[in-house]
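One-letter residues, chain by chain:
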Amino acid sequence: MKNILLYSLLLLMIMPVCNLAAQQDDPLLYIRGSVRESDTYEPISKVNIEINGGAYTITDAQGRFTIRAKKGDELIVRHKDFETVYYTILKDDRLVIEVEPVVRKTINSKFKRDVKRFNSLIDSASVYKKKDVAKSIKFIGEALTQSTSVSQNAEAYQVLAEVYMFWKQYDLAVNNYRISLQNVETNYSKLGLAKAYELNKNYQESIDTYNAIIKNELGNYQLVTLYEGLGDTYFSTKDYDASFNAYQKALTIAKDHLISPKIVDLNSKIAQTYNAKGKTEEAEAYFDSSMNLAEQETKKRALQEKVTVADFQNINRNYDKEIELRKEIVEDVEANESDSILDNASAFTSQKQNYKIGNAYALQKDYVNAISYLEKSIEEADDKEDLVVKKDATKKLSDLFVDTGNYQKALETFRAYTEVVDELYIKREQELSQADRLRRNMGEQQNRITSLLSDKALNESLVKEQNKNQQIIIYALIGGMLLLTITAFVMYKYIKQQRFANNLLALKSLRSQMNPHFIFNALNSVNSFIASSDERTANKYLSDFSHLMRSVLENSEEDFIPLQKEIELLDLYTKLEHFRFQDKFDYSITVDDAVVVSEYKIPPMLLQPYIENAVWHGLRYKTEKGHLYISIDKKNDSEITISVSDDGIGRVRSKALKTEHQKKQNSKGMGNIKKRVAILNEMYKDKVDVFIEDYQAQEDAGTKVVVTIKKD
């Protein structure tokens, strides 16, 4: 053999900054590569790939291979048609091994240039995959225009699917894995498609794809990946027996072939499956095994397992063990703080762990330690600008001050909590906007690729068919139109998904905008009770108020909640308002016996603004004591009506008494309710209807709000 050319294109990894940079252990790397002829760039199958003294595999029909190795291991590439190649593993490389066979082939120089250009573009896409998604997709689009075979198309779409998987765009990943498999079927793409289906919550499709893969064609690592992925999917569907069996098969193979990282992962997942089945003793035994094995792997993996086990102990109320583990995590992280960088999204951050330690102490009623750790968590979260942990820790600290009877501290801490919530809300809006923009950009890039390929296919067909008869040209045009129709359908589906996602974002935003009037007025009431040394009244009011706020926050992520729960919330809210204005009104809540409450659901706190308006803008200004009526009646077999009526001064007189600021605030609140109802009706097919009219034809006209709810 005259020449052997070996080059490695390093895949730049933009990993989450939570990775621990300095490791004393050398972890196993996941090495992907291919073996090709240097002239034709044609893949060579059945090449022997071996790690010196370790793992072994062969290349598939496309010349590709995957193998596990450590940094510094020697990779040996053997085949009867070329001289043996030796290469030292340095990083998690994407290797392309070009060899010159003993028997030379005559090759068209243009074809050679086209093939090398295609592979250069694919390698560039891989380099930019994790740091610049737009560039990566652009390179793949250019590679597809240079493609000269279905195998190249398959490789390009596979890389594109991997890009979308990294950026968590699983629906787009599914589409591109499927296109790749339509060109050339490979087990690697099948495993990727099955995983993408799982992450996109297409669980049955994921299971079917895993089961359709021919097990005998897989290497040992791929076989472990298959059963592990199958276990993950079954776990997501809560079929724990099937999940357990799949994990056990994967663990057996991993043990037989010494795939140590997978042994750790599978022990941990089996433990989680046992825990989900309620078998805590068996779960703890497997967690002990996974903890010991993780200690033999990297420091990061050991920390991950400690966090998993600590969460397990929390779920099972073993708070002493949980606290001990979390303190070890904090010590380990602090010991490596000089050579590691932790992002706030990491589960290892000291502020997260200290918050959970404080929470565990609180559950043990050890309020002194609980308050100490929560205050430490808040301080660390403030230093590291971790608003999520700061919000949770501040709320928990406020609750503890209430439990210990320190109401002044509780009030001060709750005010700090509301400030953090406002700051976090602004930040989340920005993040959602950025995510939406990224999603749109990727969708545009995907459409551009589809458009480029459509144009390319059409142009090539016209060039090829110039010398053929008109009938063949018509067939080519029909094919082009069909392709455009498919593209239009994909775009329509994408736009529909985007509109639904935008509705969810808008609904979440409107749900989070609770009118602050009641919150601040309630806090002022508590403050006045404390100032007048009316401790018992303040305690009772604050306890009911905390209960209401906790319930509101618990339901804040739901579009609909059971009607019974909404009635309880309204009763508690109206009770608080009545507590403050006992001399202004009485109230009653009645439910018709014909109404089966359990059959209906309602958007959480939908009626609260109307009750607030009735009290603050109607009954409060009434010279005599008024009445607030809340009634739930059956309209027909599939609908009920909820009426909020008051005999207050009415809308016209109330409007005349308002300041400009009050008018603006009230208009904004009612506007949010209207938007929220409109979005819900668009998403759930006119489930909610709201009608407002005068309650009676007197000087104090009052107001009546009728909300109609349809059965699910």
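Rules behind the numbers
- Residues numbered from 1 in each chain as written.
- Predicted model: local features only at pLDDT ≥ 70, side-chain atom pairs only at ≥ 80, totals over all residues.
- Heavy atoms only, no water.
- Pairing = 2+ DSSP bridges.
- Helix = DSSP H or I, 4+ residues; strand = E, 2+ residues; numbered from the N terminus.
- Axes fitted to C-alpha atoms, helices over the stretch in contact; angles between N-to-C directions.
- Buried < 20%, exposed > 50% of the residue type's maximum accessible area, 1.4 Å probe, protein only.
- Parallel < 35°, antiparallel > 145°, perpendicular 65-115°, else oblique.
- Left-handed = near helix turned anticlockwise from the far one by under 90°.
- Contact = heavy atoms within 4.5 Å.
- Nonpolar A, V, L, I, M, F, W, Y, C, P; charged D, E, K, R; others polar.
- Phe/Tyr/Trp six-rings, centres within 6.5 Å; stacked < 30°, edge-to-face > 60°.
- Lys NZ or Arg CZ within 6 Å of the ring centre and 35° of its normal.

**Observations regarding the sheet that holds strand 3 (residues 48-51)**
Part 1 of the argument: Reading across the sheet, the four strands line up as 4-3-6-7 and stay open at both edges, with antiparallel pairing between neighbours. Looking at strand neighbours, the two that pair on one side only are strand 4 (56-58) and strand 7 (82-88), the edges of this open sheet. Between one strand and the next, the sheet's axes are offset by a mean angle of 20 degrees, whatever the strand orientation.

**Concerning the environment of Asp399**
Part 1 of the argument: Topologically, Asp399 is positioned in helix 15 (residues 387-403).
Part 2 of the argument: Sequence separation between Asp399 and Ala410 is eleven residues; the distance between their C-alpha atoms is 6.9 Å.

**Some points on unusual backbone geometry**
Part 1 of the argument: Positioned with a positive phi, Lys201 is a non-glycine residue whose angle comes to about 70 degrees.
Part 2 of the argument: Position of Lys201 among the secondary structure elements: in the loop between helix 5 (187-199) and helix 6 (203-212).
Part 3 of the argument: For Lys201, a relative accessible area of 61% translates into the label exposed.
Part 4 of the argument: Its identity is not glycine, yet Lys365 carries a phi of approximately 65 degrees, on the positive side.
Part 5 of the argument: As for its position among the elements, Lys365 is in the loop between helix 13 (350-363) and helix 14 (367-383).

**Re the pairing of strand 5 (residues 64-69)**
Part 1 of the argument: Burial runs high along strand 5: five of the six residues are buried.
Part 2 of the argument: Summarising the sheet, strand 2 (residues 29-37) and strand 5 pair through six bridges and their orientation is antiparallel. Residue Ile31 lies in a different strand from strand 5, and its bridge partner there is Ile67.

**Concerning the packing of helix 4 (residues 170-183) against helix 5**
Part 1 of the argument: With their axes 9 Å apart at the nearest point, helix 4 and helix 5 run at an angle of 155 degrees to one another. The pairing of helix 4 with helix 5 is recorded here as roughly antiparallel in orientation. The crossing of helix 4 and helix 5 is left-handed. Here Tyr170, Ala173, Val174, Tyr177, Arg178, Ser180 and Leu181 of helix 4 lie close against helix 5, whose contacting residues are Ser189, Lys190, Gly192, Leu193, Ala196, Tyr197 and Leu199.
Part 2 of the argument: Counted by class, the contact of helix 4 with helix 5 contains nine nonpolar, three polar and two charged residues.

**A word on the packing of aromatic side chains**
Part 1 of the argument: By the definition in use, this model includes ten aromatic pairs.
Part 2 of the argument: Summarising the aromatic geometry, the rings of Phe414 and Phe545 are spaced 6.0 Å apart at their centres and angled 70 degrees between planes, so their arrangement reads as edge-to-face. Placement of Phe414 in helix 16 (residues 407-464) and of Phe545 in helix 19 (residues 535-554) is noted, with a sequence separation of 131 residues between them. Just as Phe414 is buried, Phe545 falls in that class too.
Part 3 of the argument: Over the ring of Phe244 we find Lys277; its NZ or CZ atom is 5.3 Å from the centre of that ring.

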